[in-house]
Amino acid sequence: MAGHSKWAQIKRTKAVVDARRGALFTRLGREITVAARGGADPAGNFQLRTAIEKAKVAGLPNANIDRAVAKGSGQGGGGADLFEAVRYEGYGPGGVAVLVEALTDNRNRTAADLRLAFGKHGGNLGETGCVSYLFEQRSVVRLALPGADEERLLEDLLALEERGGPAAAGYEIDAEGVDVFGAYADLEALQDGLRDLGLPLAGWEHRWISSLPCRLEDATVLAACLRMLDVLEDLDDVRSVTSNLEADEALMEAALPG
């Protein structure tokens, strides 16, 4: 988890080119469209509220959000039912386990694109179940707390539980903020509880967490693996990529593409 978190963190600091921004907007629009099947009112549809919040953070224009909601709720013509959530699994260079979640309207196309991306970079697309046992899905709430005080954070998490809120399963502090982890089913209660404590929320999501990291120490293998993860993330149908990659910070920064 630490390796993948660092990879994602460094990527966030890089300039976002227009092509990637366009692909991201398409992906976020699909997530909103699919979530809106459960109702067009974000107040009563937590999945939709989460998708919209993520889209706003990424800068998706309100007009795009409104169109995606209308499409998914049946107000803007058909199309929502065309997309389905599919999970793919495989291995990267050095035996790194990779989970890919996609929203697709054509499984054959998506599988072919993924197989090509894995194969061209020294990995291989595997069968369902080949690596998922190495991960568990958890709720993650991101707090905008740069330079967070760990003792104060622990007091807040204890207060949350004492109020009848969900118990936190752990946390990670970095220079920009804090990730608070909880059980998969507790995402809505966890973010509501932390907000009620007056803590500043930067986002929330369900995230795959690796239980067995794969540590790479060869710079060439690491660079190939990072290139593959980058290519996978750029595919139109892909909504998230998670790996159990772990490496020293200096080696990771030196090997990052771009």
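As the structure is a computational prediction, the values presented were derived from the model and not from experiment.

**Q** Would you mind going over the overall build of the protein chain in detail, with residue names and values included?
**A** Regarding its fold elements, the protein chain presents 9 helices and 10 strands. Taking all 258 residues of the protein chain together, the buried fraction comes to 43%. When contacts within the protein chain are restricted to residue pairs at least 6 apart in sequence, those whose partners lie at least 24 apart make up 71%. Counting every atom, the protein chain has about 12,700 Å² of accessible surface; 49% of that belongs to carbon and sulfur.

**Q** Outline the sheet that holds strand β2 (residues 97-104), listing residues and values.
**A** With respect to topology, 4 strands assemble into an open sheet ordered β3-β1-β2-β9, the strand pairing being antiparallel. In this open sheet, the two edge strands, each paired with only one partner strand, are β3 (124-125) and β9 (238-243). Two elements, strand β1 (residues 84-91) and β3, share 2 bridges in a ladder whose sense is antiparallel. Counted as the bridge partner of Tyr91 is Asn124 from β3. Here helix α8 (residues 219-234) sits on the sheet and contacts β1, β2 and β9; the angle it forms with β9, its principal contact strand, is near 160°.

**Q** Can you break down the pattern of salt bridges residue by residue, with the values?
**A** Applying the stated rule across the entire model yields 18 salt bridges. Residue Glu188 pairs with Arg49 through a salt bridge whose shortest N-O separation is 3.1 Å. Remark: Arg49 occurs in helix α3 (residues 46-58) and Glu188 occurs in helix α7 (residues 187-196); sequence separation between them is 139 residues. Relative accessible area serves as the criterion here: at 21%, Arg49 is assigned to the partly exposed category. Across the pair Asp105 and Arg109 runs a salt bridge, and its minimum N-O distance is 2.8 Å. Residue class for Arg109 comes out partly exposed when judged on its relative accessible area of 32%.

**Q** Please set out the nonpolar core residue by residue, giving values where relevant.
**A** Core analysis: the biggest nonpolar cluster contains 28 residues, and Val98, Leu114 and Leu232 have the highest contact counts within it. Broken down by secondary-structure element, the contributors of at least two residues to this core are β1, β2, α5 (107-120), α8, β9 and α9 (249-255). Among the elements that make up this core, the one with the highest residue count is α8 (7 residues). What Leu232 contacts, discounting residues up to four positions off in sequence, is Val98, Val100, Leu114, Ala117, Phe118, Val238 and Val241.

**Q** A description of the packing of α5 against α8 should follow, citing residues and the corresponding values.
**A** At a closest axis distance of 9 Å, the pairing of α5 and α8 adopts a crossing angle of 165°. If you check the angle between α5 and α8, you find them roughly antiparallel. The chirality of how α5 crosses α8 is right-handed. Of α8, the residues touching α5 (which contributes Leu114, Ala117 and Phe118) are Met228, Val231 and Leu232. By residue class, the composition of the contact of α5 with α8 is 6 nonpolar, no polar and no charged.

**Q** Would you mind going over the sheet that holds strand β5 (residues 170-173) in detail, with residue names and values included?
**A** With antiparallel pairing, the 4 strands of this open sheet are ordered in space as β5-β6-β4-β7. What marks the edges here is a single partner per strand, and that holds for β5 and β7 (201-210). Within this sheet the neighbouring strands show an average axis-to-axis angle of 25°, counted without direction. Inspection of the sheet shows strand β4 (residues 135-143) paired to β7 by 9 bridges, in the antiparallel sense. By the bridge assignment, Arg142 is partnered in β7 with Gly203.

**Q** Tell me what's going on with a negative patch on the surface, and back it up with residues and numbers.
**A** Taken together, the side chains of Asp149, Glu150, Glu151 and Glu155 present a region of like negative charge at the surface. Along the polypeptide, Glu150 turns up in helix α6 (residues 150-162).

**Q** Help me get a handle on the pairing of β2, residues and values and all.
**A** For β2, a buried count of 7 out of 8 residues is recorded, marking the element as mostly surrounded by other parts of the structure. When β1 meets β2, the two strands line up antiparallel, connected through 8 bridges. Its bridge partner lying in β2, Tyr91 is registered against Ala97. Between β1 and β2, which pair antiparallel one after the other, the connecting turn spans 5 residues, and Gly94 there sits at a positive phi close to 80°. Inspection of the sheet shows β2 paired to β9 by 5 bridges, in the antiparallel sense. Bridge pairing in β9 places Leu99 opposite Thr242.

Parameters and conventions
- Residues numbered from 1 in each chain as written.
- Predicted model: local features only at pLDDT ≥ 70, side-chain atom pairs only at ≥ 80, totals over all residues.
- Heavy atoms only, no water.
- Helix = DSSP H or I, 4+ residues; strand = E, 2+ residues; numbered from the N terminus.
- Buried < 20%, exposed > 50% of the residue type's maximum accessible area, 1.4 Å probe, protein only.
- Contact = heavy atoms within 4.5 Å.
- Areas by Shrake-Rupley, 256 points an atom, 1.4 Å probe, with all protein chains shown as cover.
- Pairing = 2+ DSSP bridges.
- Axes fitted to C-alpha atoms, helices over the stretch in contact; angles between N-to-C directions.
- Salt bridge = Lys/Arg side-chain N within 4 Å of Asp/Glu carboxyl O.
- Core = buried A, V, L, I, M, F, W, Y, C linked by side-chain atoms within 4.5 Å.
- Parallel < 35°, antiparallel > 145°, perpendicular 65-115°, else oblique.
- Left-handed = near helix turned anticlockwise from the far one by under 90°.
- Nonpolar A, V, L, I, M, F, W, Y, C, P; charged D, E, K, R; others polar.
- Patch = residues over 30% accessible without salt bridge, like charges linked within 9 Å, V, L, I, M, F, W, Y side chains within 5 Å.
- Lys, Arg positive; Asp, Glu negative; His and termini not counted.
- Charge placed at Lys NZ, Arg CZ, Asp CG, Glu CD.

Purely geometric stuff here, so don't read any function into it on its own.
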